[in-house]
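Each chain is listed here by its residues.
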Amino acid sequence: MMISQRTPITSSELANLWMTYQEKTMIIRILEHFIEHADDEAKQLLQSHSNTAAKNVETITNIFHQEGAVIPIGFTEKDVYKGVPKLYDYMYDIMYLHMMTKVEMSLYARSLDMSYRKDIEDFFISLTAESQAMNSQCTQLLLEKGVLVRPPFVSMPTKVGFVQSTNYTDGLKLFGELRSLNTVEVSLIHHAIETNLVGMQLMIGFAQVATDKEVQDYFVKGMKLSEKIETSLGEFLRQSFIEPPATPAGKATTSKMAPFSEKLMMYNTSLLTSLGFGSSALGGAFSLRSDIPTKMSLLTKDIFSFAQDGGKLMIKNGWLEEPPQIEDRNQLTT
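Owing to the predicted nature of the structure, the values given are computational and were not obtained by experimental measurement. (Residues numbered from 1 in each chain as written. Predicted model: local features only at pLDDT ≥ 70, side-chain atom pairs only at ≥ 80, totals over all residues. Heavy atoms only, no water.)

Peer 1: Would you mind going over the overall build of the chain with me for this structure?
Peer 2: The helix and strand tally for the chain stands at nine helices and zero strands. When its helices and strands are written in sequence order, the chain yields α-α-α-α-α-α-α-α-α. Taken over the C-alpha trace, the chain has a radius of gyration of 22 Å; the compact-globule value for 334 residues is 20 Å, and the two agree within 12%. Each principal axis of the C-alpha distribution contributes one length, and for the chain these read about 65 × 55 × 45 Å. A separation threshold of at least 6 residues defines the contact pool for the chain, and within that pool the share at least 24 residues apart is 85%. Accessible area for the chain stands at about 17900 Å²; split by element, carbon and sulfur atoms hold 58% of it. Separation of charge centres in the chain, based on 31 positive and 39 negative side chains, amounts to 3 Å. (Helix = DSSP H or I, 4+ residues; strand = E, 2+ residues; numbered from the N terminus. Rg over C-alpha atoms; globule rule 2.2 N^0.38 Å. Contact = heavy atoms within 4.5 Å. Areas by Shrake-Rupley, 256 points an atom, 1.4 Å probe, with all protein chains shown as cover. Lys, Arg positive; Asp, Glu negative; His and termini not counted. Charge placed at Lys NZ, Arg CZ, Asp CG, Glu CD.)

Structure below.
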């Protein structure tokens, strides 16, 4: 028996649609600045994603209208400033989109898992497919331009093996060498550093153009945290004689004119901090060498503290839009 599409949406569906509205309206504003300064090849990808995001915002708006829900504010044309110099140099726009489609794939997969009504389930399936396709296009363009560094190649295994000793999990030795990283550990560390490098340049640019001293200090703190993450994780790779990923492209320019509102910059930072928090937890969970989850847990603590400070700063400035609330039964029964 088919369930009508007019079945009321659940709290999780409402929450995920609301969060997607926030993210999509933000990315449209970011891409406006990038498109204004992009070369033809990059502009085509950026415009394509912006057009798709606008259609997705319209879909969410229609669902909210049908359900009698207020339309969130999200981010509007007031959050992007036209005619200012570009804040990031060669290929950063595609590097940023590459990173954000990773965020989107994670968000939409989780949202799909919490969807029950068929039309909303189909919506998140399409969002997942769109972000995957755009991520692939960005990957290929960045590789073609020599901007994206592939993870290291390794010799292919020729036999199946099993761990024979509990020493496999050792992360500290007074004598002798630690075992080299396995490919699972390398992949997670490489991915975390790659994403963090793009985030670090984002923080540098935001810190340059922020006018509120407290906000600027927060972005500087983000810069230093990104550097700490890159240094800490990079050391694991260097111990196995692997160079951490790096790129000469995608740096912040010397511009001190903000292309975005501080509300938008703080939200973007919050979104990426959440991704960093999840990546650190995931990296620690899948490592069998004890020093890696130990380091990841310390970094996760720093990231969590940074996220909390950002939330308080957004609340202080009236920038944190409140998600839809569950009914307060205590208030309703007094």
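Peer 1: Teacher, can you tell me more about the packing of aromatic side chains here?
Peer 2: What describes a pair of aromatic rings is the distance from one ring centre to the other and the angle between the planes of the rings. Within this structure, the stated rule accounts for 11 aromatic pairs. Judged by centre distance (6.5 Å) and plane angle (40°), the ring pair of Tyr-108 and Phe-124 falls under tilted. Of this pair, Tyr-108 sits in helix H3 (residues 92-113) while Phe-124 is found in helix H4 (residues 118-144), placing the two residues 16 residues apart along the sequence. A relative accessible area of 1% places Tyr-108 in the buried class. Taking the centre distance of 6.5 Å and the plane angle of 80° together, the rings of Phe-206 and Phe-260 count as edge-to-face. Placement of the pair is Phe-206 in helix H5 (residues 183-209) and Phe-260 in the loop between helix H6 (213-239) and helix H7 (262-285), with a sequence separation of 54 residues. Judged by relative accessible area, Phe-206 falls into the buried class, the value being 0%. Aromatic rings pair up to connect Phe-206, Tyr-218, Phe-219, Phe-260 and Phe-306 into one cluster. (Phe/Tyr/Trp six-rings, centres within 6.5 Å; stacked < 30°, edge-to-face > 60°. Buried < 20%, exposed > 50% of the residue type's maximum accessible area, 1.4 Å probe, protein only.)

Peer 1: Can you help me understand the pattern of salt bridges in this one?
Peer 2: Any two side chains of opposite charge can pair if their charged atoms end up close together. Within this structure, the stated rule accounts for 14 salt bridges. Taking the shortest distance from any N to any O, the salt bridge between Lys-24 and Glu-104 comes out at 3.3 Å. One end of the pair, Lys-24, is in helix H1 (residues 11-37); the other, Glu-104, is in helix H3, with 80 residues separating them in the sequence. Here Glu-67 makes a salt bridge to Arg-117, at a shortest N to O gap of 2.9 Å. In this pair, Glu-67 is assigned in helix H2 (residues 40-67) and Arg-117 in the loop between H3 and H4, connecting sequence segments 50 residues apart. Classification of Glu-67 by relative accessible area gives partly exposed; the value is 26%. (Salt bridge = Lys/Arg side-chain N within 4 Å of Asp/Glu carboxyl O.)

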